[in-house]
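Chains, contacts and geometry: an overview
Single-letter residue listing:
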Amino acid sequence: MTGVPASAAGGSSGAQGARGPAAAADGARSEVSGSAPGPDGSGGKPARGGKITAAAVNQASVWNVANLLTMLRLVLVPGFVALMLADGGYDPAWRSLAWAAFAIAMITDLFDGHLARTYNLVTDFGKIADPIADKAIMGAALVCLSALGDLPWWVTAVILGRELGITLLRFLVIRYGVIPASRGGKLKTLTQGVAVGMYVLALTGWLATLRFWVMAVAVVLTVVTGLDYVRQAIVLRRQGIAERAAALEDEES
């Protein structure tokens, strides 16, 4: 017998039936994502509502755990200053409460960055607010300590000058690339936090001597890592200029 197999005879209609659920699923996905399906059932050009939906999702993502921790640090700054200067700024009890607020701010600084990178919670708000919160709490602590006479003003000037200068430098060379945080920079941040925290507490005796040396190490790391960031910025700028020049030559040729 030379009859055609049933599977071959029904091939066309079977293929269309098989494509039915897939096409329906593609249509459903395109409806959710805001894109209209093409003639073949696949995703085609994004519909007008797609951009609005994406913008709404991005806006909602601002309210994540990492950003909430950053906001908490910003709120802690005025509270820390109030506690630090309460009762003339020399009461051990108020200074202990101020230290607690400072410690919470430093700990949340470690957690919000880790959470943002681990769970893909990085947002434009976080990129701007996180460094501002870091500089705000550290700057407030240094200024308060110097105003109370516990820390020389030149130490505050060196640390804050370095932090503000490096932040400005990052913005100046961002067109050529991003300067990554180094291990030395992370060690500097940790040492600064420990040293400033020890100064916030009303320590006496050998602990007061120890905090002096911890602060000395923090100042040295601040200067050394600052110079290293300047070196990286110069190298990054030169590489960026060379790459642009090479790209222009390739276009002209």
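The text that follows walks through the structure, step by step, so that each part is easy to find. (Residues numbered from 1 in each chain as written. Predicted model: local features only at pLDDT ≥ 70, side-chain atom pairs only at ≥ 80, totals over all residues. Heavy atoms only, no water.)

A closer look at the environment of Thr-189
Locating Thr-189 in the fold gives a position in helix H8 (residues 183-200). For the pair Thr-189 and Met-138, spaced 51 residues apart in sequence, the C-alpha separation works out to 9.9 Å. (Helix = DSSP H or I, 4+ residues; strand = E, 2+ residues; numbered from the N terminus.)

A closer look at the side chain of Thr-225
Among the structural elements, Thr-225 can be located in helix H9 (residues 206-252). In contact with Thr-225, other than residues within four places in its own chain, are Arg-162, Gly-184, Gly-185 and Lys-188. (Contact = heavy atoms within 4.5 Å.)

Comments concerning helix H4 (residues 65-85)
Helix length check: H4 (21 residues) gives 31 Å between terminal C-alpha atoms against 30 Å at 1.5 Å per residue, within 8%. The largest bend in H4 comes to about 30 degrees, at Leu-76, with the proline Pro-78 one to four residues further on. Among the residues of H4, Ala-66, Asn-67, Leu-69, Thr-70, Arg-73, Leu-76, Val-77, Phe-80 and Met-84 are the ones counted as buried. Those residues of H4 that are buried lie in contact with helix H5 (92-118), helix H6 (124-147) and H8. Residue Asn-64 occupies the N-cap position of H4, its side-chain oxygen lying 3.1 Å from the main-chain nitrogen of Ala-66. Residue Asp-87 follows H4 closely and has a positive phi angle near 55 degrees. (Expected span 1.5 Å × (residues − 1). Bend = angle between axes of the 7 residues up to and from the residue. Buried < 20%, exposed > 50% of the residue type's maximum accessible area, 1.4 Å probe, protein only. Polar contact = N/O pair within 3.5 Å; in protein donor to acceptor, adjacent residues only side chain to side chain.)

Points about the nonpolar core
If you look at the biggest cluster of nonpolar residues, it comprises 30 residues, and the most contacted ones within it are Phe-80, Met-84, Phe-102, Val-196 and Met-215. Element by element, the count of residues in this core is highest for H6, at seven residues. With residues up to four places along the chain from it excluded, the contact list for Val-196 reads Phe-102, Met-138, Ala-141, Leu-142, Leu-145 and Met-215. Counting residues in each nonpolar core, the second largest holds eight residues, with Ile-166, Val-173, Ile-179 and Leu-236 among its members. (Core = buried A, V, L, I, M, F, W, Y, C linked by side-chain atoms within 4.5 Å.)

Let's talk about the packing of aromatic side chains
One pass over the structure, following the stated rule, counts two aromatic pairs. Look at Phe-80 and Phe-102: their rings are 6.0 Å apart centre to centre, the planes differ by 45 degrees, and that puts the pair in the tilted class. Residue Phe-80 is located in helix H4, and its partner Phe-102 is located in helix H5; the two are separated by 22 residues in the primary sequence. Side by side, Phe-80 and Phe-102 carry an identical accessibility label, which is buried. Ring geometry for Phe-212 versus Trp-213: centroids 5.2 Å apart, planes at 80 degrees, classification edge-to-face. One cation-aromatic arrangement involves Arg-211 over Tyr-199; the distance from NZ or CZ to the ring centre is 4.5 Å. (Phe/Tyr/Trp six-rings, centres within 6.5 Å; stacked < 30°, edge-to-face > 60°. Lys NZ or Arg CZ within 6 Å of the ring centre and 35° of its normal.)

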